[in-house]
Amino acid sequence: MVVRTRFAPSPSGFLHLGNARTALFAFLYARAKGGRFILRIEDTDQERIVAGSEASFIEDLKWLQLTWDEGPDIGGPLGPYRCSERYDIYERELKRLTKLARVYRCFCTPDQLDQDRKLLSSQKKVIKYVGRCLSISEADATKRAATEPFVWRMHVPDGAPVTIEDSIRGHVEMQREVIGDFVLSRASGVPVFLFANAVDDALQEMTHVVRGEDHLSNTFRQVLIFQTMGYKTPQFAHLPLIGAEDGGKLSKREGSLGIRDLREQGYIREGILNYLSLLGWSPGDTGKTGEKFKPEELMKLFDLDRVHKGRALFDFQKLNFLNQQHMNDLSLAELERLAPPKNSAWAPIWKDALALVRHDAHTVQELYKVEKFLGQPDYQTDNATKILKADKSKQALEKGLQYLKQSLGENKALEEGLKQSIQSSGKDLGLKGKDLYFPFRVAITGVEAGPELVPLAKILGGQEVVHRLERAIQFAG
RNA sequence: GUCCCCUUCGUCUAGCCCGGUCUAGGACACCUCCCUUUCACGGAGGUAACGGGGGUUCGAAUCCCCCAGGGGACGCCA
């Protein structure tokens, strides 16, 4: 049996941490089992479609390289892969279902249904359809259908509980009495998600349905559809939901947690994928230390039965760590491509500059902190002022500058020259350690912390280093 | 309100199905030390958890029951 999984987003939103993780798990499972991953656009409700949403999903999924084998853009043997292009199929299947189960027209207005629900709620009863239209005769219903709007409902008779054997949650069951007769298609004739989704999963031969836990209660109704229509019920896997860092709902912060946003903030796909895979799943003992996994490794290791049941809270710190780990695997050329110099004057030295700060950066964006060292240092800050105006700072810098000029005049290499100049200056004045190096560091960069001084000086060039030392001496004076 | 699901370090988790090997392991973060002219990287340590209460058992994080807390669903949304 070839495993087939799918990701079926509604084109009303965008790819965010929550649905990206769902897509990832479905994708990884298909890959781990040598199966196929399918993209289906769930656009049954035309009113909710947001322009550009589908394209945005496709772009972000492609960026993450969660590549699909069948989908709306590339087609496939069991298409179409967009719900809006499958209305004739839903119509046909609804007609078929009508002959297999008690499916009836419901003429209740939204207002009536709303009142029913309020009453039920006040009576502390299960909120479900009251069955008002169930008793309308077929003849009457047909007659009224000519002039009144109606929806199709499927009747759920009492009986044995509906059960699901979930890959993650195990055995789950629901009493039929609490399910209620549910809507299959709207007054407009368009099927609702519950029905269309089940039809699509069946006809597109999905073997595994991987989705969020928020769908769990829908699943009982869909199982009823699968069973009465003679479809093969897929294996379900309901993923735990992801919560925000503060323990609240992720949706509150959805705006800042879009995959697109993370990408713009400088997270790379390997880091995001690695982090997301660990949100609710763990590989168990892999025989190696650490939790860094490349996408290719995940495609081998992943399995649904190792998904955790409890919900996970999103944590930027771990994302940062893993992103940094994966950035370490990138070559300087790749880093430069991801973070090109913003100032064209820095282009010739940019790669060397990135090399100085690459291990310091959690994200691609953080690489740009090297700009701070390439640009003119600011001595006006409290710390810089304090260090430059300290007791022997000015003298140390003057001595150092003197040695450096001499060294450069003799055409010695800047790296060696600067190092010796600082040391000689220290010897002359009896300075060492931070008292000696901090004035030079601050003179050249403006701050006490940063990349190694000598390599940085090499990038800046002798003339620039001399210039900065002179400026610092002037400031100190 | 009703139904369903969940609950191990601050966070992500291993272990749970098949009770003892768990004085509960790993990762992130944090702290300490080493490396180092600084920060970081890297290396070595450390602090830190089985939601509560009953049972079953010689023995329970692991099995059973109750409670509490959290989440989800209850739409002519998906």
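Residues numbered from 1 in each chain as written. Chains lettered and ligands numbered in written order. Predicted model: local features only at pLDDT ≥ 70, side-chain atom pairs only at ≥ 80, totals over all residues. Heavy atoms only, no water.

A few words on the side chain of Q222. Mapped onto the elements, Q222 comes out in helix α7 (residues 216–228). A relative accessible area of 1% places Q222 in the buried class. Within the structure, the side chain of Q222 is placed 2.9 Å from the side chain of R211, a separation counted as a polar contact. Leave out the neighbours within four places in its chain, and Q222 touches F193, L194, N197, A198 and R211. (Helix = DSSP H or I, 4+ residues; strand = E, 2+ residues; numbered from the N terminus. Buried < 20%, exposed > 50% of the residue type's maximum accessible area, 1.4 Å probe, protein only. Polar contact = N/O pair within 3.5 Å; in protein donor to acceptor, adjacent residues only side chain to side chain. Contact = heavy atoms within 4.5 Å.)

This next bit is on the protein's contact with RNA strand B. Close to RNA strand B lie 58 residues, the nearest being T44, I127, R186, S217 and G280. Put simply, 75% of the atoms of RNA strand B that lie within 4 Å of the protein are in sugar or phosphate. Note that a sugar or linking oxygen of RNA strand B is positioned 2.7 Å from one of the backbone N or O atoms of L278. Within the contact set of RNA strand B, a sugar or linking oxygen lies 3.3 Å away from a backbone nitrogen or oxygen of H359. Contributions of two or more residues to the surface near RNA strand B are made by α4 (110–122), β4 (151–154), β6 (170–174), α7, β11 (312–313), α11 (316–327) and α18 (434–445). Here the residues of the surface near RNA strand B are counted per class, giving 22 nonpolar, 13 polar and 23 charged. (Near = heavy atom within 4 Å. Nonpolar A, V, L, I, M, F, W, Y, C, P; charged D, E, K, R; others polar.)

This part is about the packing of aromatic side chains. Evaluated as defined, the whole model comprises 15 aromatic pairs. On the basis of an interplanar angle of 55° and a centroid distance of 5.8 Å, the ring pair of F107 and F150 is categorised as tilted. Separated by 43 residues along the polypeptide, F107 in the loop between β3 (103–106) and α4 and F150 in the loop between α5 (138–145) and β4 bring together distant segments of the chain. With centroids separated by 6.2 Å and ring planes inclined at 40°, the aromatic side chains of Y267 and F316 adopt a geometry described as tilted. In this pair, Y267 is assigned in the loop between α8 (259–264) and α9 (269–277) and F316 in helix α11, connecting sequence segments 49 residues apart. Accessibility classification places Y267 together with F316 in one group, the buried group. We note R21 situated over the ring of F25; from NZ or CZ to the ring centre the distance is 5.2 Å. Sitting over the face of the ring of Y368, K342 holds its NZ or CZ atom 4.1 Å from the ring centroid. (Phe/Tyr/Trp six-rings, centres within 6.5 Å; stacked < 30°, edge-to-face > 60°. Lys NZ or Arg CZ within 6 Å of the ring centre and 35° of its normal.)

Packed helices, taken two at a time, are described by the angle their axes make and the gap between the axes. Relative to each other, α18 and helix α19 (residues 453–460) sit at 30°, their axes nearing to 11 Å. Crossing hand, α18 versus α19: left-handed. Residues F440, R441, I444 and T445 of α18 pack against L453, L456 and L460 of α19. A class-by-class count of the residues in the contact of α18 with α19 yields five nonpolar, one polar and one charged. (Axes fitted to C-alpha atoms, helices over the stretch in contact; angles between N-to-C directions. Left-handed = near helix turned anticlockwise from the far one by under 90°.)

Here we come to the pattern of salt bridges. Under the counting rule described, the total for this entry stands at 31 salt bridges. Between R263 and E59 there is a salt bridge, with the nearest N and O atoms lying 3.5 Å from each other. One end of the pair, R263, is in helix α8; the other, E59, is in helix α2 (residues 53–64), with 204 residues separating them in the sequence. E138 serves as the salt-bridge partner of R105, at 3.6 Å between the closest nitrogen and oxygen. You can see R105 sitting in strand β3 and its partner E138 sitting in helix α5, a full 33 residues away along the chain. Given the relative accessible area of 14%, R105 is considered buried. Residues participating in the shared-partner salt-bridge network are R6, R40, E42, R86, D200 and D201. (Salt bridge = Lys/Arg side-chain N within 4 Å of Asp/Glu carboxyl O.)

Next up on the list: the pairing of β3. Judged by which residues are buried, β3 turns out to be covered on both faces: V103 and R105 on one side and Y104 and C106 on the other are all buried. Across four bridges, the pairing between β3 and β4 is antiparallel. Within β4, the position partnered with Y104 by the bridge is R153. (Pairing = 2+ DSSP bridges.)

Time to look at the sheet that holds β3. Sheet strands line up and pair through hydrogen bonds in the backbone, either parallel or antiparallel. The sheet built from three strands is open, its strands ordered β3-β4-β7 with antiparallel pairing. At either margin of the open sheet sits one strand with a lone partner, and together these are β3 and β7 (182–185). For this sheet the average axis-to-axis angle between neighbouring strands, irrespective of direction, equals 45°.

On to the domain arrangement of chain A, then. In terms of domains, chain A is made up of domain 1 (86–239), domain 2 (255–367) and domain 3 (376–476). Measuring from the centre of the C-alpha atoms in domain 1 to the corresponding centre in domain 3 gives 76 Å. (Domains from an automatic or database assignment.)

Two cysteines form a disulfide when their sulfur atoms are joined by a covalent bond. The tally for this structure, following the rule as stated, stands at zero disulfides. C108 supplies the cysteine sulfur nearest to C106, a cysteine that is in no disulfide, at a spacing of 3.7 Å. For C106, a relative accessible area of 2% gives the class buried. (Disulfide = S-S within 2.5 Å.)

End to end, helix α1 (residues 17–32) covers 22 Å across 16 residues, agreeing with the expected 22 Å (1.5 Å per residue, within 8%). Among the 16 residues of α1, 14 are classified as buried, and the element is accordingly described as predominantly covered. Looking one or two residues beyond α1, the residue adopting positive phi is G34, at roughly 65°. (Expected span 1.5 Å × (residues − 1).)

So, on to the side chain of N197. Along the polypeptide, N197 turns up in helix α6 (residues 193–203). A polar atom in the side chain of N197 sits 3.0 Å from the side chain of R211. Setting aside residues no more than four positions away along its own chain, N197 makes contact with R6, R40, E42, R211 and Q222.

Here the focus is the environment of K369. Summarising the element assignment, K369 is placed in the loop between α13 (350–357) and α14 (371–374). Owing to a relative accessible area of 30%, K369 belongs among the partly exposed residues under this scheme. Sequence separation between K369 and T98 is 271 residues; the distance between their C-alpha atoms is 65 Å.

With 16 residues, helix α17 (residues 414–429) should cover 22 Å at 1.5 Å per step; its first-to-last C-alpha distance of 22 Å lies within 8% of that length. The set of residues buried in α17 consists of L414, G417, L418, S421, I422, S425, G426 and L429. Within α17, the buried residues cover an arc of 160° as seen down the axis, which keeps them to one side. If you follow the buried residues of α17, they end up packed against α16 (393–409), α18, α19 and α20 (462–476). (Arc of directions from axis to C-beta.)

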